[in-house]
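# Architecture at a glance
One-letter residues, chain by chain:
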Amino acid sequence: MIGETHRQRATLVLAVCLIAGLTAVPVVSAAVDGGDPAGSTVSDRLAAAETNATGLADADLATADPQATVDTNADVDDDGDADEVAVQQAADQEISGTATAESGTELDVRVTGTDSGSPFVKPLTTVVQSDGTWSVTGDFSDNAKGANFTVDVRLNGSSLLEEPVDGRIAAGPTASVTFNDQESDGNAVTVDSVTMSDGGFVAIHEESASGTVIGNSGYLAAGTHSDVEVELDQTLDENTTLVAMAHQDTDGDETYEFQFGSSVDAPYSEDGSAVTDSADITVTGQSETPTATVDTDADFDEDGVEEIEVQKAAEQEILGTTTAENGTELVVRVTGTDSGSPFVKELSAVVQSDGTWSVDADFSDNAQGANFTVDVRLNDTSLLEEPVDGRIAAAPSAEVYFADQESDGSVVTVESVTMSDGGFVVIHEDSASGDVIGHSSYLEAGSHSDVEVELDDTLDEDTTLYAMPHQDTDGDQTYEFEFGSSVDAPYSEDGSAVSDPATVTVTGQSETPTPTATPTPTATPTPTATPRPTATPAPTPTPTPTATATPTPTPATSTDTETVTRRTVMSPPESTASTPRNDTTTDPSAPSPTQATNRSNTTANESATTDERSTTAQGPGMTALGALVAVALAALGLARRR
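Quick caveat: nothing in here was measured; it's all calculated off a predicted structure.

### So, the overall build of the chain
When you go through the chain residue by residue, the secondary structure sums to eight helices and 38 strands. Sorting the 642 residues of the chain into buried and exposed places 37% on the buried side. Summed over its atoms, the accessible surface of the chain is roughly 35,300 Å², and 47% of this surface lies on carbon and sulfur atoms.

Structure, rendered in C-alpha cells:
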C-alpha cells in the first residue's frame with residue numbers, strides 16, 4: 001500500500017513536469033526505480049522531485065511574455081458590465097491601465113476609430129511606472145461625439161492584451177449660465193442660474209471673458225442652481241460690466257484652481273468658446289469717497305503753505321491720515337517735478353485703526369534740492385484735494401574730533417563735535433562697530449567743545465575708543481540707538497558712519513585702596529608706659545590742691561581731651577593699685593582713690609566717642625600725659641579725704 005502511494009506521487013510529479021515542458025524524467029525514474037542516494041528515503045526523493053518541478057515551472061512563468069490591462073469606466077454596449085472606456089469630446093482625456101513589463105518599459109497605446117463614417121488612429125506612447133501602471137492623454141475634441149474606438153497596448157509590435165478594449169466618445173461636459181444686470185454694494189453679485197452637467201464653479205471675470213477673475217462660488221454639484229451669490233475679492237467702487245463663467249472641477253477636489261493657460265478647472269465650453277453671460281453692475285449704497293491728508297513740516301517756498309521736507313537719505317517717512325476704513329491699502333505716489341531729475345516712487349500704505357498711514361521712501365539716489373509732489377490714491381482715485389509739494393533737503397552732516405588723552409577710566413572728553421540737526425556723541429569700544437560704552441546727553445544742532453562723556457564701565461587698561469555723532473531721529477532728546485535699528489542712527493558720510501578714534505591712557509588709579517591703612521590702631525598698646533607715674537609719691541601734689549583743680553575740665557568735648565581720657569581708661573588700675581590702700585582705714589566713709597579713679601574712668605568712658613584714628617594721631621606722648629593726669633586726680637581725691 002505504501003509503495004502504491006509513492007508510485008502515485010511520482011506519477012503526479014512526472015505529469016507536472018510534462019505539462020511544464022520540462023524533462024525531469026531521470027530524476028523521477030531514479031526515485032521510482034530505486035536508484036536513490038545512500039541514506040535517502042522515498043519521501044525525501046519525492047519531495048526533491050516536486051521542488052525541482054515547481055522551480056522549473058516558476059522559471060518558465062518568469063520568462064513568459066508581459067501582459068497588460070486597460071482601466072474601464074463605462075458600459076457602452078449596455079451588457080451590464082462596465083468593461084469599456086468612455087472619454088469626452090475634449091482634450092486631455094486620460095486612458096490608463098497596468099502591465100507586467102518591467103518598470104521603464106516604453107509601450108505603444110493605439111486608439112483606433114471603428115466607425116466607418118469617422119475613422120481615426122491616435123498613436124500614443126507611455127512608460128511603465130514602478131508600480132506597474134501606465135497612462136496616456138488623448139485629444140478627442142476634433143472627433144465626432146458618439147464615435148466608437150478600440151484601445152490596444154503593444155510592445156515591440158505585439159499586443160499585450162487578449163483583445164483590444166472597446167471605447168466611445170461621450171458627449172462633452174455642458175453648462176449654461178444666466179447673469180442679469182443688477183445693483184450691488186460692490187462686495188458681491190448674484191448669478192441668476194447656472195446648470196452644469198458635471199458640477200463645478202461659477203467664476204466672475206472683470207469686464208470680459210478674458211478679464212481678471214475677481215471672485216468665484218464654492219463647489220456646485222452637477223445640476224441646476226439658482227441665485228448663486230458670489231463674493232468679490234475686491235470691492236467695486238464704480239459701475240462696471242462683469243462676466244459670469246461656468247468652470248469645471250477637472251481634478252475632482254471641489255476647489256477652484258483655474259489659472260489662465262492651464263487645463264485645471266477649465267471653463268465649460270460650447271462650439272470652442274467658454275460658456276458665459278455678462279451683466280452691468282450698478283454700484284449703490286457706498287459711503288462717500290474717503291479723503292486723506294499728508295503731514296507737512298516745512299515752508300521752503302515761504303508762501304505760508306507748508307510742504308514736506310525729506311533728506312537725501314533712505315528711510316524717509318511720509319505720513320498722514322485718512323477716512324478710509326481700517327486695513328484699506330493705499331497707494332502713495334511720490335513724483336519728481338523738476339525736468340532735470342524726474343522720478344516716480346509708488347509706495348504702499350495700510351490704514352491703521354486710528355486712521356493714520358505712513359510709508360518709508362528712499363531718496364538717497366535723488367538729487368539734493370529736487371522738488372516732488374505726494375499723492376494718496378485708492379483704486380487709482382486721489383483722496384487729496386490736490387497733491388502736496390515736497391523737497392529733498394541736504395542730508396544731515398556731522399564732524400567729530402576725539403584726541404588721544406589720559407583718563408582715570410571713568411570719563412573721556414570729546415574735543416569737539418558739530419551736528420547739523422543735533423543729537424548725541426556716543427563712545428564705541430575698540431572700533432566704530434564695537435559696543436557702546438557711553439554717550440553724552442542731547443546736544444543741540446551746532447558745534448560743541450570739550451564734551452565729557454561718562455563711561456558705563458570704568459576702564460582698567462589703556463585702549464582705543466571711537467567717538468561717533470548720532471542723530472536724534474525721533475526728536476525725543478533721548479538716546480535710543482540699537483544695532484540694526486534706524487532710531488537715533490549715526491550721522492553718515494559717503495555711506496559710512498562719522499567717527500574719530502582716540503587712544504585713551506588710563507592713569508591716576510592707586511594700587512592699594514587707602515582704607516587698608518586703618519589697621520594702624522593696633523599701636524594702642526602704648527599705654528603700657530603708664531606705670532612710670534607710680535614712681536612719684538602720691539602725697540607730693542597735696543600742697544597745691546588749688547592748682548590741681550584745673551584738670552576738672554577734662555570732660556570737655558574737644559577731640560584732644562576725649563582722646564586723652566580714652567587712653568587713661570586703661571592706666572588707672574596699675575597706677576593706683578598700691579598707694580590708696582594704706583589710707584583706707586583712716587576714714588571708711590571717705591571715697592578711696594580707687595573709687596575716685598573709677599569715677600574718673602567712668603566719666604572718661606562716657607566721653608570717649610571720637611574715631612579710633614584720632615587716638616592714633618595723638619601718639620605715645622599724649623598717653624603718658626593722660627597717665628599723669630590720672631595720678632593727679634587720684635592725689636586730689638586723697639587730699640580731699642584728708
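Further notes follow.
### Some thoughts on the sheet that holds strand β10 (residues 175-178)
Pairing in this open sheet of three strands is antiparallel, and the strands run β10-β12-β15 from one edge to the other. Where the open sheet ends on each side, the last strands, each with one partner, are β10 and β15 (223-231). Within this sheet the neighbouring strands show an average axis-to-axis angle of 25°, counted without direction. Judged from the eight bridges that link them, strand β12 (residues 188-196) and β15 form a sheet pairing that is antiparallel. Across the sheet, Thr195 pairs through a bridge with Thr224, a residue of β15.

### A look at the confidence of the model for the chain
Per-residue pLDDT for the chain has a mean of 78; in total, 70% of the residues score no lower than 70. In the predicted structure, residues 56-62 sits below a pLDDT of 50 and forms three contacts with residues beyond four places in sequence or in another chain. Note on residues 526-622: pLDDT is under 50 here. Beyond four places in sequence and across chains, it has 90 contacts.

### Quick notes on the sheet that holds strand β11 (residues 182-184)
A sheet is described by the order of its strands in space; here five strands give the open sequence β11-β19-β16-β13-β14, paired in mixed fashion. Strands at the two margins of the open sheet, each flanked by one partner only, are β11 and β14 (213-216). In this sheet, neighbouring strand axes are inclined to one another by 35° on average, regardless of whether the strands run parallel or antiparallel. Here strand β13 (residues 200-206) runs beside strand β16 (residues 240-248); their pairing, made up of seven bridges, is antiparallel. Bridge pairing in β16 places Phe201 opposite His247.

### Some remarks on the pairing of β10
The alternating pattern of β10 places Ala175 and Val177 on a buried face and Ser176 and Thr178 on a face that is not buried. Bridge count between β10 and β12: four bridges; the pairing is antiparallel. Residue pairing in the sheet places Val177 in a bridge with Val194 of β12.

### Here we look at unusual backbone geometry
Of note in this structure, Glu207 is not a glycine but carries a positive phi near 75°. Take Glu207: its relative accessible area is 58%, and that puts it in the exposed class. Although it is not a glycine, Asp488 sits at a positive phi angle of roughly 55°. Residue position: Asp488 is located in the loop between β35 (463-470) and β36 (492-493).

### A few points about the packing of aromatic side chains
Geometry of an aromatic ring pair is reported as the spacing of the ring centres plus the angle between the planes. As enumerated under the stated definition, the model contains ten aromatic pairs in all. Each ring, one from Phe120 and one from Phe140, has its centre 6.5 Å from the other, and the planes form 80°; the classification is edge-to-face. Here Phe140 lies in the loop between β6 (133-138) and β7 (148-155) and Phe120 lies in the loop between β4 (106-113) and β5 (121-127), a separation of 20 residues in the sequence. For the pair Phe120 and Phe140, a shared accessibility class is recorded, and that class is buried.

### Considering the pairing of strand β29 (residues 398-401)
The side-chain alternation of β29 yields one buried face, formed by Ala398 and Val400, and one unburied face, formed by Glu399 and Tyr401. In terms of strand pairing, β29 meets strand β31 (residues 411-419) through four bridges, oriented antiparallel. In the sheet register, Val400 faces β31, and the bridge partner there is Val417.

### Quick word on the nonpolar core
Nonpolar side chains in soluble globular proteins tend to end up buried together. By size, the foremost hydrophobic cluster in this structure holds 26 residues, and its most contacted members are Val294, Ile318, Trp357, Phe363 and Phe372. Elements supplying a minimum of two residues to this core: β20 (292-294), β21 (308-311), β23 (329-336), β24 (344-350), β25 (356-361), β26 (371-378) and β28 (388-393). A total of four residues in this core trace back to one element, the largest contributor, which is β26. Counting residues in hydrophobic clusters, the runner-up holds 25 residues, among them Val70, Ala147, Val153 and Leu161.

Definitions and cut-offs
- Residues numbered from 1 in each chain as written.
- Predicted model: local features only at pLDDT ≥ 70, side-chain atom pairs only at ≥ 80, totals over all residues.
- Heavy atoms only, no water.
- Helix = DSSP H or I, 4+ residues; strand = E, 2+ residues; numbered from the N terminus.
- Buried < 20%, exposed > 50% of the residue type's maximum accessible area, 1.4 Å probe, protein only.
- Areas by Shrake-Rupley, 256 points an atom, 1.4 Å probe, with all protein chains shown as cover.
- Pairing = 2+ DSSP bridges.
- Axes fitted to C-alpha atoms, helices over the stretch in contact; angles between N-to-C directions.
- pLDDT = per-residue confidence, 0-100.
- Contact = heavy atoms within 4.5 Å.
- Phe/Tyr/Trp six-rings, centres within 6.5 Å; stacked < 30°, edge-to-face > 60°.
- Core = buried A, V, L, I, M, F, W, Y, C linked by side-chain atoms within 4.5 Å.

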